[in-house]
Amino acid sequence: MTETLRVAVIGAGRMGADHIHRLNKRIHGAEVAAVVDVDLARAQAAIEGIPGAVALADAEEALSNGDVNAVLIATPGFLHEDILLKAIAKDIPILCEKPLTPDAQSSWRIVQAEEELGHKRIQVGFMRRFDAEYAALGQVIRDRELGELLMLHHQHRNPSTPPGFTNEMLINDSVVHEFDAIRFFTGEEITSVQVRLGKPTKNAPAGQHDPQHVLIETESGVLADVEIYVNAKFGYEVATQASFEEGVVSIGGDHGPYVRSAGRWGGKVTPGFEERFGAAYDVEIQAWVDAALRGEIGGPTAWDGYATAACCEAGVEAQKNGEKVTVKLHSKPALYS
Ligand code: ISE
């Protein structure tokens, strides 16, 4: 394999721009070779100051550029399938931001295409697995340090949502992370999802019921609940409390200077996911690059992308009918076991 990944970043929006900066400034063993965006001016702005990088408006052109040997996909999810299939055909390392694709059927097509290729090329951008606290809690669970894990309580609160953030996106765009985190913590598949819609905030845009309460069950009967609240105003908070036979572990509280001044005490609330998970993104992308240079992947697989897409599908159905919906999964191909 080559000594440097020459990455085409597809999509120069919020997440794409963040990854371009990261690859350019902090990641070893990789360079930005091309940036693709339908808005060519945005692609051009993103490559400013990056020697040798080209700005393009077409993903296929980037993939057939001889200078490109890896791809990072950061477009909206509905555009992923086409780019993924083309990148799989080129047999190059792929980092695909979540969701792998927006529905289980198309995610399954990706799993099948990779299975046909015969080796793993796709790492899915579930960055929380690379957060120090998530990793530490995962270790406590795997080592059974506090006995068996019994329940997980997740809070996922965002200050507000961008225009066009639909009711389904509370599940597909936000709770998708919790599905992956629960699978990561337990090492089990999720078997059912139920969504309860309670009293809504007046701060949600039309068409969005916010907050929602998502109830989840895993293969061994671990129960998890998620408060998804995407117009919480006060700031960004993603936290988990895990109940064990011998104790309770909490992660995701705000840290930082605790200030007492002018008769008040307190600290700052994290404003958004870039700040909350900035370090995790760095570790994630470095793990991808290091593994890709060895011809491997360094994190969640296309199977993880597919399994979470199946959970989302059940979640969106549960949003509509209020019932406990079974998650339907194909059997796991040997490539991922
Ligand atoms: C966003 O797309 C993310 O991935 C964030 O991590 C999540 O907190 C937010 O809810 C999503 O919209």
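Every chain is numbered independently, its residues counted from 1 as its sequence is written. For this predicted model, a pLDDT threshold of at least 70 governs which residues receive local features, and a threshold of 80 or more governs which side-chain atom pairs are given and counted, while totals over whole chains, interfaces and linings are taken from all residues. In computing side-chain properties, one takes all heavy atoms of the structure into account and sets aside hydrogens as well as water.

**What to know about the nonpolar core**
Quick reminder of the rule: We define the nonpolar core as a collection of buried residues of types Ala, Val, Leu, Ile, Met, Phe, Trp, Tyr and Cys that are connected through side-chain atoms lying within 4.5 Å of one another. Only protein chains enter the accessibility calculation, which uses a 1.4 Å probe; a residue whose area is less than 20% of its type maximum is buried, one above 50% is exposed, and one in between is partly exposed. Helix numbers and strand numbers start at the N terminus; a helix is a DSSP run of H or I with at least 4 residues, a strand a run of E with at least 2. The domain boundaries here were taken from an automatic or database domain assignment.
In this structure, Ile94, Ile122, Phe179, Phe185, Val214 and Phe244 are the most contacted members of the largest nonpolar core, which totals 80 residues. For this core, the leading source of residues is helix 9 (residues 302-321), giving 10 residues. Residues lining this core come from more than one domain, with at least three contributed by each of domain 1 (5-128 + 279-300) and domain 2 (129-271 + 308-336).

**Regarding the packing of aromatic side chains**
So the rule is basically this: When two rings of Phe, Tyr or Trp (its six-membered ring) have centres within 6.5 Å they constitute a pair, described as stacked for plane angles under 30 degrees, edge-to-face for angles over 60, and tilted for the intermediate range.
Tallied over the entire structure, the rule returns 8 aromatic pairs. Ring plane angle 55° and centroid distance 5.1 Å describe the contact between Trp303 and Tyr306, whose orientation is recorded as tilted. One end of the pair is Trp303 and the other is Tyr306, both in helix 9 and 3 residues apart, which spans about a single turn. Assessed through its relative accessible area of 3%, Trp303 is described here as buried.

**Here we look at a nonpolar patch on the surface**
Rules: Like charges within 9 Å and nonpolar side chains (Val, Leu, Ile, Met, Phe, Trp, Tyr) within 5 Å are joined into patches, using only residues over 30% in relative accessible area that form no salt bridge. Under the convention used here, a 1.4 Å probe and the Shrake-Rupley method define accessible areas, while residue burial counts only the protein chains that appear. Only one rule defines a salt bridge in this text: a Lys or Arg side-chain nitrogen within 4 Å of an Asp or Glu carboxyl oxygen.
On the surface, Leu150, Met151 and Leu223 cluster together to form a nonpolar patch covering roughly 230 Å² of accessible area. Mapped onto the secondary structure, Leu150 falls in strand 7 (residues 149-157). Its relative accessible area of 42% is what places Leu150 among the partly exposed residues.

**Describing the site of the ligand**
What counts is decided by this rule: Being near a molecule or strand, for a residue, comes down to having at least one heavy atom within 4 Å of it. Residue polarity follows a fixed list, in which Ala, Val, Leu, Ile, Met, Phe, Trp, Tyr, Cys and Pro are nonpolar, Asp, Glu, Lys and Arg are charged, and the others, Gly among them, are polar.
Around the ligand, a shell composed of Lys98, Met127, His156, Asn158, Phe165, Asp173, Ser174, His177, Tyr236 and Phe273 is seen. When residues of the shell around the ligand are assigned to their parent elements, the largest contribution, 3 residues, is made by helix 7 (residues 167-186). By residue class, the composition of the shell around the ligand is 4 nonpolar, 4 polar and 2 charged.

**Considering the state of the cysteines**
Test applied: Pairs of cysteine sulfur atoms within 2.5 Å are identified as disulfides in what follows.
Overall, the coordinates contain 0 disulfides when judged by the stated rule. No disulfide involves Cys96; its sulfur sits 13 Å from that of Cys312, the nearest cysteine. Summary of cysteine pairing: Cys312 is not part of a disulfide, and the nearest cysteine sulfur, belonging to Cys311, is at 6.9 Å.

**Details of helix 2 (residues 40-47)**
Basically, it comes down to this: Each C-beta atom gives one direction from the helix axis, and the arc is the one those directions make. By the convention used here, residues are in contact when the closest approach between their heavy atoms is within 4.5 Å.
Looking only at helix 2, the buried set comprises Ala43, Ala46 and Ile47. Take helix 2 and look down its axis: the buried residues cluster within an arc of 90°, on one side only. Residues of helix 2 that are buried make contact with helix 1 (14-25), strand 2 (30-36) and strand 3 (54-56). Positive phi appears at Gly49, one or two residues downstream of helix 2, with a value of about 80°.

**Things to note about the domain arrangement of the protein**
Domain boundaries in the protein define domain 1 (5-128 + 279-300) and domain 2 (129-271 + 308-336). Placing the centre of domain 1 and that of domain 2 at their C-alpha centroids yields a distance of 26 Å. Listed as interface residues are 25 residues of domain 1 and, on the opposing side, 22 residues of domain 2. At the surface where domain 1 touches domain 2, the tally comes to 2 salt bridges. For Glu178, the salt bridge goes to Arg128, with nearest N and O atoms at 2.9 Å. Of all the elements in the fold, those that place two or more residues in the side of domain 1 that touches domain 2 are helix 5 (104-117) and helix 8 (273-293). Tallying contributions element by element places helix 5 first for the side of domain 1 that touches domain 2, with 7 residues.

**Section: the pairing of strand 8 (residues 190-197)**
Basically, it comes down to this: Here, strands pair whenever DSSP counts at least two bridges between them.
Pairing geometry for strand 8 and strand 9 (residues 212-218), over 7 bridges, is antiparallel. By the bridge assignment, Val195 is partnered in strand 9 with Val214. Here strand 8 runs beside strand 15 (residues 325-326); their pairing, made up of 2 bridges, is antiparallel. The partner of Ser192 across the bridge, within strand 15, is Thr326.

**Quick word on the pattern of salt bridges**
Inspection of every chain in the model, using the stated rule, returns 24 salt bridges. Across the pair Glu148 and Arg144 runs a salt bridge, and its minimum N-O distance is 2.7 Å. The partly exposed category is assigned to Glu148, whose relative accessible area is 35%. The partner of Arg294 in a salt bridge is Glu296, with the nearest N and O atoms 3.3 Å apart.

**Here we look at the environment of Asp304**
Defined as follows: Any pair of N or O atoms that falls within 3.5 Å is considered a polar contact. Within protein, one atom must be able to donate a hydrogen and the other to accept it, and sequence-neighbouring residues count only if both atoms are side-chain atoms.
Its place among the elements puts Asp304 in helix 9. Each C-alpha atom of the pair Asp304 and Val38 lies 28 Å from the other, and the pair is 266 residues apart in sequence. With residues up to four places along the chain from it excluded, the contact list for Asp304 reads Phe126, Arg129, Asp180 and Arg183. Polar contacts involving the side chain of Asp304 include one to the side chain of Arg183, which spans 3.0 Å.

**Digging into the side chain of Arg128**
Mapped onto the elements of the fold, Arg128 is located in the loop between strand 6 (122-125) and helix 6 (132-142). Engagement of the side chain of Arg128 in a polar contact is seen with the side chain of Tyr134, the distance being 3.1 Å. Discounting chain neighbours no more than four positions away, the residues touching Arg128 are Tyr134, His156, His177, Glu178, Ala181, Val238 and Phe277.

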